[in-house]
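Close look at the chain arrangement
Chain by chain, the residues run as shown.
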Amino acid sequence: LLELVERYGRNLHSFMVFEPGLSIWFGEDSAIAYTAKGGYWVAVGGPLCAAEKSVDVLQEFRSAAQKHGCGVVFFGVTQPLVDRIADTDFDAMQIG
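Notes on the structure follow. Here the structure is a predicted model, which means the values were calculated and not measured.

Strand order in the open sheet formed by 4 strands is 1-2-3-4, and the pairing between neighbours is mixed. Each having just a single partner strand, strand 1 (23-27) and strand 4 (71-75) make up the two edges of the open sheet. Along the sheet, successive strands turn relative to each other by an average axial angle of 35°, direction set aside. Relative to strand 3 (residues 40-44), strand 2 (residues 30-37) is paired through 4 bridges, and the arrangement is antiparallel. Each residue of the ladder has a partner; that of Lys37, found in strand 3, is Tyr40.

Here the focus is the nonpolar core. By size, the foremost hydrophobic cluster in this structure holds 17 residues, and its most contacted members are Trp25, Ile32, Tyr34, Trp41, Phe61, Val72 and Ile85. Going through the elements one at a time, strand 2, strand 3 and helix 2 (54-67) are the ones with two or more residues in this core. Top contributing element to this core by residue count: helix 2, with 6 residues. Setting aside its immediate chain neighbours within four residues, Ile32 contacts Ser23, Ile24, Trp25, Ala43, Pro47, Val57, Phe61 and Phe74. Counting 8 residues, the second largest nonpolar core, distinct from the first, contains Leu4, Val5, Val17 and Ala33.

On the surface, Leu1, Leu2, Phe15, Phe18 and Phe26 cluster together to form a nonpolar patch covering roughly 510 Å² of accessible area. Note on placement: Phe18 falls in the loop between helix 1 (2-8) and strand 1. When its relative accessible area of 42% is taken as the criterion, Phe18 is described as partly exposed.

Calculation rules
Residues numbered from 1 in each chain as written. Predicted model: local features only at pLDDT ≥ 70, side-chain atom pairs only at ≥ 80, totals over all residues. Heavy atoms only, no water. Pairing = 2+ DSSP bridges. Helix = DSSP H or I, 4+ residues; strand = E, 2+ residues; numbered from the N terminus. Axes fitted to C-alpha atoms, helices over the stretch in contact; angles between N-to-C directions. Core = buried A, V, L, I, M, F, W, Y, C linked by side-chain atoms within 4.5 Å. Buried < 20%, exposed > 50% of the residue type's maximum accessible area, 1.4 Å probe, protein only. Contact = heavy atoms within 4.5 Å. Patch = residues over 30% accessible without salt bridge, like charges linked within 9 Å, V, L, I, M, F, W, Y side chains within 5 Å. Areas by Shrake-Rupley, 256 points an atom, 1.4 Å probe, with all protein chains shown as cover. Salt bridge = Lys/Arg side-chain N within 4 Å of Asp/Glu carboxyl O.

Spelled out as structure tokens, the structure:
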């Protein structure tokens, strides 16, 4: 996990993976910190992965959540990730 943060950490939310109480979903050379609340897996920050793989990783994370009957929400992601999901079926909303 530390190696993923060192390689792919993009902002302060990347370090949330070390916070007690959060779950970690692992994909191939990727990870996402999240908590399950109200029928959603609420991810803290974007995925820890290579930028070019981020949309695929988001889709894999969503598939994993759906297998548990949950949707997904990402909080505290970077603008480059928002730009990458513009042509996908993910929605984006700026808060603050």
